[in-house]
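Coordinates in review
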Amino acid sequence: MNPKILIAYSSRTGNTEKVAKAIYEVLSARSDIQKLPEVNCEKYDTVVMGYWVDKGTANEESLNFIKSLSGKKVVLFGTLGAGDYNGYYQKVREAVEKELPADCTLLGHKLFRATSIMLHRLRKQHAENPDDLEIKKRLEDYEKNKHRPDENDLKEAQEFVLSILGK
Ligand SMILES: Cc1cc2nc3c(=O)[nH]c(=O)nc-3n(C[C@H](O)[C@H](O)[C@H](O)COP(=O)(O)O)c2cc1C
């Protein structure tokens, strides 16, 4: 039987790829995995799509793909550098979901914290402004999460898709 599930993802620094591959580990027998932009989802009825967050929404390559998912069942996941403060994750999810075609079915959507290039910027900013407590606090938060996505995140991602698509 041909696999019915496509795992598609976009990744610049490897975080989203890690999560996508962890998901593929548990779906492998019934799925294929493809990295954007070389993706053709025609023959699949379900698409698990991984994007990375760029300026509060999915990165452009992912957005273009998400807009093309007409008629599909869709599971979305994203990786991002920021923590979930002041409803940020909900805002990101909404910004991405509004790009889905009206006739697709969204089955689930989850965000995973990951390391980001912001860490280097924050280190520099902190070195230049050692008394700025706001920068210090943000830097500490980014340092604490610099090894993510970690084993727990990958396990969570696997459980997330299995809870939606079945074991
Ligand atoms: C150009 C750029 C813009 C980003 N914008 C955001 C953002 O708005 N919010 C956020 O939480 N993280 C942001 N990040 C962090 C990435 O979303 C995060 O590192 C992600 O895991 C990268 O995925 P990848 O390793 O698969 O490329 C940005 C990173 C880059 C390079």
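Residues numbered from 1 in each chain as written. Predicted model: local features only at pLDDT ≥ 70, side-chain atom pairs only at ≥ 80, totals over all residues. Heavy atoms only, no water.

**Focus on the environment of alanine 102**
In plain terms, the rule: A run of H or I in DSSP becomes a helix once it reaches four residues, and a run of E becomes a strand once it reaches two; helices and strands are each numbered from the N terminus. In this scheme, a residue with accessible area under 20% of its type's maximum is buried, one over 50% is exposed, and one in between is partly exposed, where area comes from a 1.4 Å probe on protein chains only.
Within the element layout of this structure, alanine 102 appears in the loop between α3 (88–97) and β6 (105–113). A relative accessible area of 86% places alanine 102 in the exposed class. Put simply, alanine 102 and phenylalanine 160 are 58 residues apart on the chain and 24 Å apart in space, counted from C-alpha to C-alpha.

**Description of the domain arrangement of the protein chain**
Put simply, the test is: Here the limits of each domain have been adopted from an automatic or database domain assignment. In this description, contact between two residues means that some pair of their heavy atoms is separated by no more than 4.5 Å. Once two parts are put together, the accessible area they lose, assessed with a 1.4 Å probe and summed over both, is termed the buried area. A carboxyl oxygen of Asp or Glu within 4 Å of a side-chain nitrogen of Lys or Arg is what we treat as a salt bridge. Within 3.5 Å is the distance limit for a polar contact, defined as a pair of N or O atoms, with the added protein rule that one can donate a hydrogen and the other accept it, and that residues adjacent in sequence qualify only through two side-chain atoms. Residues are grouped as follows: nonpolar covers Ala, Val, Leu, Ile, Met, Phe, Trp, Tyr, Cys and Pro; charged covers Asp, Glu, Lys and Arg; every other residue, Gly included, is treated as polar.
Considered domain by domain, the protein chain is made up of domain 1 (5–114 + 149–165) and domain 2 (116–146). Residue-level contacts link five residues of domain 1 with four residues of domain 2. Taking both sides of the interface into account, the surface hidden between domain 1 and domain 2 amounts to around 460 Å²; carbon and sulfur atoms contribute 43%. When residues of domain 1 are sorted by the area they lose upon contact with domain 2, Gly81, Arg113 and Ala114 head the list and together hold 67% of the total. Connecting domain 1 to domain 2 are one salt bridge. When the shortest N-O distance is used, the salt bridge between arginine 113 and aspartate 141 registers 3.0 Å. For the interface between domain 1 and domain 2, the tally reads three residue pairs in polar contact (both at pLDDT 80 or more). For the side of domain 1 that touches domain 2, the class distribution of residues is three nonpolar, one polar and one charged.

**A short note on the site of the ligand**
Quick note on the threshold: Here a residue is near a molecule or strand as soon as one of its heavy atoms is found within 4 Å of it. Areas reported as accessible are Shrake-Rupley estimates using a 1.4 Å probe. Residue values count occlusion only from the protein chains shown.
The local shell around the ligand holds 20 residues, among which Ser11, Arg12, Thr13, Thr16 and Thr79 are the closest. Residue threonine 79 places a side-chain N or O atom 2.6 Å away from an oxygen atom belonging to the ligand. A distance of 2.8 Å separates a nitrogen atom of the ligand from a polar side-chain atom of tyrosine 88. The protein chains hide 86% of the 650 Å² of surface that the ligand would expose on its own. Broken down by secondary-structure element, the contributors of at least two residues to the shell around the ligand are α1 (15–27), β3 (46–54) and β5 (73–80). Top element by residues in the shell around the ligand is β3. It accounts for three residues. The residue inventory of the shell around the ligand, partitioned by class, reads seven nonpolar, ten polar and three charged.

**Describing the pairing of strand β2 (residues 31–35)**
Our working definition: Pairing between strands requires that DSSP locate at least two bridges from one strand to the other. A right-handed crossover is one whose linking path, passing over the helix from the first strand to the second, runs clockwise when the strands point away from the viewer.
By the bridge criterion, five bridges tie strand β1 (residues 5–9) to β2 in an arrangement that is parallel. Looking at the pairing, alanine 8 lines up with glutamine 34 of β2. Assessed by its sense of winding, the connection that carries the chain from β1 through α1 to β2 is right-handed.

**A look at unusual backbone geometry**
In this model, leucine 36 is joined to proline 37 through a cis peptide bond whose omega is 10°. The residue proline 37 is located in the loop between β2 and β3 in this model. The linkage connecting arginine 148 with the following residue, proline 149, adopts the cis geometry, with an omega of 5°. Looking at the element boundaries, proline 149 is found in the loop between α5 (133–144) and α6 (151–165). Here lysine 55, not a glycine, exhibits a phi torsion of approximately 50°, which is positive. Relative to the elements of secondary structure, lysine 55 occurs in the loop between β3 and β4 (57–58). Phi angles above zero are rare outside glycine, and asparagine 86 is one such case at about 55°. Tracing the backbone through its elements, the reader meets asparagine 86 in the loop between β5 and α3. In this structure asparagine 86 comes out as exposed when scored by relative accessible area, which is 74%.

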